[in-house]
Amino acid sequence: SFCVSIFFVRYLGQVELGKYSLAMAYLFFFGVLPGLANDAILTREMAVRSDKEAGRWLGQAILLRLFFSVAAMLMSWGGLCFTQYTEEIQLLIFIASLGLLASFRSLFVSVFQKKLQMGTYAFTSVMLNLCSALLIGGLIVLGGNVTQFILLNTVMAFVTAGIFYLLCRPRIPV
């Protein structure tokens, strides 16, 4: 991952990396909002509840996180009206903001903590990071542009969230 990051930065160059960084920095301010659905509270409550009750808590936390994610995404789009960014930068921000909808991945850590299966979570995270690094490397080899890198990042956010959802479902009914 580290080596791919070095190639990624060198490949994009100053201008394209600046566009990528601007889009990510802009969204960083809005990405705080989905985090208001506190993961620590969910972990504490799931630890003392039955699997059925814990599943209800997880489902409610996912809905709350999705609500805040949609709000953050819409606010980021609305904020673009007050900027003088180019259409290309606005498109990059728009694409990257869709990834906010997949921000509920961190909630699934609570399931693995409740079931004392953090090894499964860690292994899956490493494998997904490796896949992401390989896809970024492949995009570098194929001559991808900054828009394609942001699109890949957004798609991988959804794939990651989906895989963790599928891994959690047999452990805690959501």
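Quick look at the structure, then. Keep in mind that this is a model prediction, so the values were computed, not measured.

### So, the overall build of the chain
Secondary structure assignment for the chain yields seven helices and zero strands. Secondary structure elements of the chain occur, N-terminal to C-terminal, as α-α-α-α-α-α-α. Relative to its 174 residues, the chain shows a buried fraction of 37%. When contacts within the chain are restricted to residue pairs at least 6 apart in sequence, those whose partners lie at least 24 apart make up 82%. Of the roughly 9,800 Å² of accessible surface on the chain, 70% is carried by carbon and sulfur atoms.

### Some points on the packing of helix α6 (residues 118-141) against helix α7 (residues 146-168)
Between α6 and α7, the least distance of the axes is 11 Å, while the angle of their chain directions is 160°. The orientation of α6 relative to α7 falls into the category roughly antiparallel. In the packing of α6 onto α7, the handedness of the crossing is right-handed. When α6 is examined against α7, the residues Y121, T124, S125, L128, S132, L135, I136, L139 and I140 are found in contact with a partner set consisting of Q148, F149, L152, M156, T160, I163, F164 and L167.

### Quick look at the environment of L12
When you line up the elements, L12 lands in helix α1 (residues 2-31). Those residues in contact with L12, other than ones at most four positions away along the chain, are L17, Y20, V146 and F149.

### Some points on the pattern of salt bridges
Taken as a whole, this structure holds four salt bridges when the rule is applied. Note that E16 is salt-bridged to K19, the shortest N-O span being 3.1 Å. With E16 and K19 both in helix α1, this residue pair falls three residues apart, about one helical turn. The class for E16 is partly exposed, based on a relative accessible area of 22%. A salt bridge links E45 to R49, with the shortest nitrogen-to-oxygen separation between them at 2.5 Å. Assessed through its relative accessible area of 13%, E45 is described here as buried. On the basis of relative accessible area, R49 is assigned to the partly exposed category, the value being 28%.

Each value, and the rule that gives it
- Numbers given to residues run from 1 along each chain, matching the order in which its sequence is written.
- Whole-chain, interface and lining totals are the exception, using all residues; otherwise, since this is a predicted model, local features are given only for residues with pLDDT of at least 70 and side-chain atom pairs are given and counted only at 80 or more.
- Where side-chain values are given, they derive from all heavy atoms of the structure, hydrogens and water being excluded.
- Under the DSSP-based scheme used, a helix requires at least four consecutive residues in state H or I and a strand at least two consecutive residues in state E, with every element numbered from the N terminus.
- Burial classes: relative accessible area under 20% of the type maximum marks a residue as buried, over 50% as exposed, and values in between as partly exposed (1.4 Å probe, protein chains only).
- Note on contacts: a residue pair is in contact if any heavy atoms of the two residues lie within 4.5 Å.
- Only the protein chains shown count as cover for residues, and all accessible areas are computed by the Shrake-Rupley method using a 1.4 Å probe.
- To get an axis, a line is fitted to the C-alpha atoms, and for a helix only the part in contact is used. The angle between two axes follows their N-to-C directions and goes from 0 to 180 degrees.
- Working definition: roughly parallel below 35 degrees, roughly antiparallel above 145 degrees, roughly perpendicular at 65 to 115 degrees, and oblique for all remaining angles.
- In this scheme, a crossing is called left-handed if the near helix is turned counterclockwise away from the far one by less than a right angle; it is called right-handed if the turn is clockwise.
- Any Lys or Arg side-chain nitrogen located within 4 Å of an Asp or Glu carboxyl oxygen qualifies as a salt bridge.

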